[in-house]
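A closer look at the structure
Listed below are the residues making up each chain.
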Amino acid sequence: MDYSREILERFQTISSQGRMAHAYLFIGPAFSGKSTTVNAIARMLNCEQPGGQFFCGQCASCRKIESGNHPDIYRLETGLGETIKIEDIRAFIQRCTLRSFEAKWKVFTITNAERLTKEAANALLKTLEEPHKQTLIFLTTSVAELCLDTIKSRCHAIHFFPMSLRRLTQMMIDNYSLDEVSAQSLAFFADGSYQRAKNLHESKFHLQKNKMIDEMVMRRSSDEFIRKTLSDKEHTKTLLDVLLSFFRDMALLKSGVDESFLANRDRVRDLKSLSNGFTFDHVMKIVDEIINAMRLFKDNLNVKMSMSVIKELVWVK
Ligand SMILES: [Zn+2]
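Residues numbered from 1 in each chain as written. Predicted model: local features only at pLDDT ≥ 70, side-chain atom pairs only at ≥ 80, totals over all residues. Heavy atoms only, no water.

**A look at helix α5 (residues 118-129)**
Our working definition: Numbered from the N terminus, helices here are DSSP runs of H or I no shorter than four residues, and strands are runs of E no shorter than two. Multiplying one less than the number of residues by 1.5 Å gives the expected span of a helix. Any two residues having at least one pair of non-hydrogen atoms within 4.5 Å are treated as being in contact.
Here α5 contains twelve residues, and its C-alpha end-to-end distance of 17 Å stays within 8% of the 16 Å for a straight helix at 1.5 Å per residue. Its buried side turned inward, α5 meets β1 (23-27), α4 (86-97), β3 (106-110), β4 (135-141) and α6 (149-152).

Next comes the structure, spelled out in structure tokens:
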């Protein structure tokens, strides 16, 4: 179950009391259940045979919404590194104004609301203030600080919290019979999201992670590997996450932290042997440069130069 039961309960109460707001902003880390919760709310409000706790899950409406095939439930999504442009928002508003085909409540979502351009955000303001009858608008974001104030002030904010590392590690052990080291590593990279931990496990993330560590840190052989990785946005992001986790672990080890707190506990031997060759300051220099690259990446700028700096710092010996 990936949606937030707590938030569904809140919506159950406010809808039964007729206190529903027009527009909500769901704030929480990636994969903390924001979109699945919107989907569950849409099912709850439109279920044809309310039974179960929130919805029946069996009726035509429930099934169409769950599979993403309901004409009145719409989600505007953007790819990694793309902005949401005014044309996208005009089309979105156009859809909002259409009469409902079959739903009691139309539910419209804009994911990654921090990617709205200023023009797009301005075009949306009126719709957020005066929505159409029986229409709910949800905006979701993992970085509320980057959302425009004009948008935030017109939405009712609801926060999603990541699960604790310990709890998520235990869930991965229980549900996938993983050993503790692997489960904890997935939990670290999943940022407290069970859904994300599950995806990482199923896509054999540990193989990708360890290959990245081997190529970038251990083997020191592979300009070709870097070139190939940087040609793909998802891979670039993963590489930066993996490198940051690895050198943060190294800094933690150097400061005497117990190895049970490391994200890369499966690589503890490599971490230890490598860290002998680096001073603490040098490790922090690497960490700073990785964070710098992450900023560039987030602003959609080229990280090639920054990656060369990281490489030289890592391969210094
Ligand atoms: Zn139903």
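**Remarks on the environment of Met218**
On the secondary structure map, Met218 appears in helix α10 (residues 205-219). Remark: the alpha-carbon pair of Met218 and Leu274, spanning 56 residues in sequence, is separated by 8.6 Å. Aside from chain neighbours lying at most four places away, what touches Met218 is Ile213, Arg267, Asp270 and Leu274.

**Digging into the domain arrangement of the protein**
Applicable threshold: Marked domain ranges trace back to an automatic or database domain assignment.
Once the domains are mapped, the protein shows domain 1 (5-159) and domain 2 (204-314). For domain 1 and domain 2, the distance between their C-alpha centres works out to 37 Å.

**As for the coordination of the zinc ion**
Heads up, the rule is: With water excluded from the atoms, a metal site may look incomplete; its donors are any N, O or S atoms within 2.8 Å, or within 3.2 Å for Na, K and Ca. The geometry test gives tetrahedral to four donors whose angles all lie between 85 and 135 degrees, gives square planar to four donors and octahedral to six donors whose opposite members are over 155 degrees apart with all other angles between 65 and 115, and gives irregular to the rest. Only protein chains enter the area calculation, which uses a 1.4 Å probe; residues under 20% of their type maximum are buried, those over 50% are exposed, and those in between are partly exposed.
Here the zinc ion is held by the protein donor atoms Cys47 (SG), Cys56 (SG), Cys59 (SG) and Cys62 (SG), which lie 2.3 to 2.4 Å from it. Metal-centred angles of 100 to 122 degrees between the four donor atoms at the zinc ion mark the site as tetrahedral. When the donor residues of the zinc ion are listed from N- to C-terminus, their spacing reads C-x8-C-x2-C-x2-C. Here Cys47, found in the loop between α2 (34-46) and α3 (60-67), pairs with Cys62, found in helix α3; they are 15 residues apart in sequence, far enough to count as distant. For the residue pair Cys47 and Cys62, the accessibility class agrees, reading buried in each case.

**Details of the packing of aromatic side chains**
The test is simple: What counts as a ring pair is set by centres within 6.5 Å for rings of Phe, Tyr and Trp (its six-membered ring), and what kind of pair is set by the plane angle: stacked under 30 degrees, edge-to-face over 60, tilted for all other angles. Over a ring means this: the NZ of a Lys or the CZ of an Arg is within 6 Å of the ring centre and within 35 degrees of the ring normal.
Taken as a whole, this structure holds 13 aromatic pairs when the rule is applied. Seen from their ring centres, Phe11 and Phe138 are 5.9 Å apart, and the 50 degrees between their planes marks the pair as tilted. Of this pair, Phe11 sits in helix α1 (residues 5-16) while Phe138 sits in strand β4, placing them 127 residues apart in sequence. We classify Phe11 as buried; its relative accessible area is 1%. With centroids separated by 4.9 Å and ring planes inclined at 55 degrees, the aromatic side chains of Phe189 and Phe205 adopt a geometry described as tilted. Here Phe205 lies in helix α10 and Phe189 lies in helix α8 (residues 180-189), a separation of 16 residues in the sequence. With respect to class, Phe189 is no different from Phe205; both count as buried. Among the aromatic residues, ring-to-ring pairing joins Phe11, Tyr24, Phe26, Phe138 and Phe160 into one connected group. The cationic tip of Arg95 hangs over the ring face of Tyr74; the distance from NZ or CZ to the ring centre is 3.9 Å.

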